[in-house]
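Chain residues, written in single-letter form:
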Amino acid sequence: MELTHFDENGKAVMVDVTEKADTVREATATGKILVSKQVYDAIVAGTIGKGDVLGVATTAGIMGAKRTSELIPMCHILPITKCRVDFEMVPEECAIYCYCTVKVTGKTGVEMEALTGVSVALLTIYDMCKALDKRMEIGEIYLCRKTGGKSGEVRNERLDRKEYKKKGKNDYEME
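What counts as what
Every chain begins its residue count from 1, and numbering advances along the sequence as written. Owing to the predicted nature of the model, reporting of local features is limited to residues with pLDDT of at least 70; listing and counting of side-chain atom pairs is limited to 80 or more, with chain, interface and lining totals taken over all residues. Calculated side-chain values reflect all of the structure's heavy atoms, with hydrogen atoms and water omitted. Secondary structure elements follow DSSP: runs of H or I of four or more residues count as helices, runs of E of two or more count as strands, with numbering from the N terminus. Between N or O atoms, a polar contact is any pair within 3.5 Å; within protein, one atom must be a potential hydrogen donor and the other a potential acceptor, and residues adjacent in sequence are included only when both atoms are from side chains. The contact criterion used is simple: two residues touch if any of their non-hydrogen atoms lie within 4.5 Å. By definition, a salt bridge exists where a carboxyl oxygen of Asp or Glu is found within 4 Å of a side-chain nitrogen of Lys or Arg. Think of it in three bands: with a 1.4 Å probe and only protein chains considered, a residue is buried below 20% of the maximum accessible area for its type, exposed above 50%, and partly exposed in between. Throughout, nonpolar core names a set of buried Ala, Val, Leu, Ile, Met, Phe, Trp, Tyr and Cys residues whose side chains join them through atoms within 4.5 Å. Looking at any residue, its pLDDT shows the predictor's confidence there, from 0 to 100. Sulfur atoms of two cysteines make up a disulfide when they are within 2.5 Å. Within this analysis, patches are made of residues with over 30% relative accessible area and no salt bridge. Like charges are joined at 9 Å or less; nonpolar side chains (Val, Leu, Ile, Met, Phe, Trp, Tyr) at 5 Å or less. Areas reported here follow the Shrake-Rupley algorithm with a probe of radius 1.4 Å; residue values treat only the protein chains shown as occluding. Under this scheme, a helix contributes an axis fitted over its contacting stretch, all axes are lines through C-alpha atoms, and angles between N-to-C directions fall in the 0 to 180 degree range. It is the rotation of the near helix from the far one that decides the hand of a crossing: anticlockwise by less than a right angle makes it left-handed, clockwise makes it right-handed. When residue character is reported, Ala, Val, Leu, Ile, Met, Phe, Trp, Tyr, Cys and Pro are called nonpolar, Asp, Glu, Lys and Arg charged, and the others, Gly included, polar.

### Quick word on the side chain of Lys32
Relative to the helices and strands, Lys32 is located in strand 1 (residues 23-34). One polar contact links Lys32 to Glu140, side chain to side chain, over a distance of 3.2 Å. If we skip the residues at most four places from it in the chain, Lys32 touches Glu93, Ile96, Tyr97, Leu122, Glu137, Ile138, Gly139 and Glu140.

Put into structure tokens, the structure is as follows:
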């Protein structure tokens, strides 16, 4: 596979997608944050001083996905038609898993937007909880799946925690 973000002189360029056909494209990314028991319990109880942690993180994740082209230099500005951020609380790990699904009808995919949405949502959790404990760990951010475009459907075989399936108005639920 050849890299497409370089011109004939080896300089970085934005890929020209002018001739590509518009297709429906969707991507889901995931990541997690490990927190202390104190932080986990405070999030669940809704006692974090800055407010509703997961509510604010949801909004931040959506905003991050929408602004990806401002953060990643060669990303195209996309007319996102859907962005959903969900969290899975896992008390035995003191972990919060984040899932971001982004959809567009366009000439290029939304993988970077889904990955950015997860990253910003998790960073927001850190920011809102750091007064209680600064030792939180963010990690395991990766693309779960993507559909549409020339490469069609791609699934990450690493999906050991959660596998998505289409299911009514909730879009994706754990199998």
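We are not done yet, so read on.
### Quick word on the pattern of salt bridges
Per the counting criterion, the structure on display carries 10 salt bridges. For the salt bridge of Arg67 with Glu70, the shortest nitrogen-to-oxygen distance reads 2.8 Å. Take Glu70: its relative accessible area is 55%, and that puts it in the exposed class. Across the salt bridge formed by Asp86 and Arg84, the nearest N and O atoms sit 2.8 Å from each other. Here Asp86 falls in the partly exposed class, since its relative accessible area comes to 21%. One continuous salt-bridge network, built from bridges that share partners, spans Glu26, Lys82 and Arg145.

### A look at the nonpolar core
Ranked by size, the top nonpolar core spans 32 residues in total, and within it Ile43, Val53, Phe87, Ile96, Ile125 and Cys129 carry the most contacts. Counting only elements with at least two residues in this core, the list comes to strand 1, helix 1 (37-45), helix 2 (53-66), strand 2 (82-90), strand 3 (95-106) and helix 4 (111-129). Counting residues per element, this core draws most heavily on helix 4, which supplies 7 residues. Beyond its immediate sequence surroundings of up to four residues, Ile125 is in contact with Ile33, Ile43, Val53, Leu54, Ala57, Phe87 and Ile96.

### Thoughts on the confidence of the model for the protein
Predicted confidence across the protein gives a mean pLDDT of 87, with 86% of residues reaching 70 or more. Counted against residues more than four places away or in other chains, residues 164-175, with its pLDDT under 50, gives 28 contacts.

### Things to note about the state of the cysteines
Summed over the entire model, instances satisfying the criterion amount to 0 disulfides. In this model Cys83 remains outside any disulfide bridge; the closest cysteine sulfur is found in Cys100, 3.9 Å from its own. Summary of cysteine pairing: Cys98 is not part of a disulfide, and the nearest cysteine sulfur, belonging to Cys100, is at 6.5 Å. The exposure class of Cys98 is buried, given its relative accessible area of 0%.

### Things to note about a nonpolar patch on the surface
On the surface, Leu71, Ile72 and Met112 cluster together to form a nonpolar patch covering roughly 240 Å² of accessible area. Summarising the element assignment, Ile72 is placed in the loop between helix 3 (68-71) and strand 2.

### Some words on the environment of Lys146
Among the structural elements, Lys146 can be located in strand 4 (residues 137-147). It is 4.1 Å that separates the C-alpha atoms of Lys146 and Ala27, two residues lying 119 residues apart in sequence. Excluding anything up to four places from it in sequence, Lys146 contacts Glu26, Ala27, Glu111, Ser151, Gly152, Glu153 and Val154. Separated by 2.9 Å, the side chains of Lys146 and Ser151 make a polar contact.

### Considerations on the packing of helix 2 against helix 4
Packing of helix 2 against helix 4 leaves a shortest axis separation of 7 Å and a crossing angle of 145°. For the pair helix 2 and helix 4, the sense of crossing is right-handed. Seen from helix 2, the contacting residues are Val53, Leu54, Val56, Ala57, Ala60, Gly61, Gly64 and Ala65; seen from helix 4, they are Glu113, Thr116, Gly117, Val120, Ala121, Thr124, Ile125, Met128 and Cys129. Grouping the amino acids of the contact of helix 2 with helix 4 by side-chain chemistry returns 11 nonpolar, 5 polar and 1 charged.

### A closer look at unusual backbone geometry
A positive phi angle, near 50°, is found at Cys94, a position not held by glycine. Tracing the sequence through the fold places Cys94 in the loop between strand 2 and strand 3. Of note, Glu140 is a non-glycine position whose phi angle comes to about 50°, a positive value. Position of Glu140 relative to the elements: it lies in strand 4. Residue Glu140 is classed as partly exposed on the basis of its relative accessible area, which comes to 37%.

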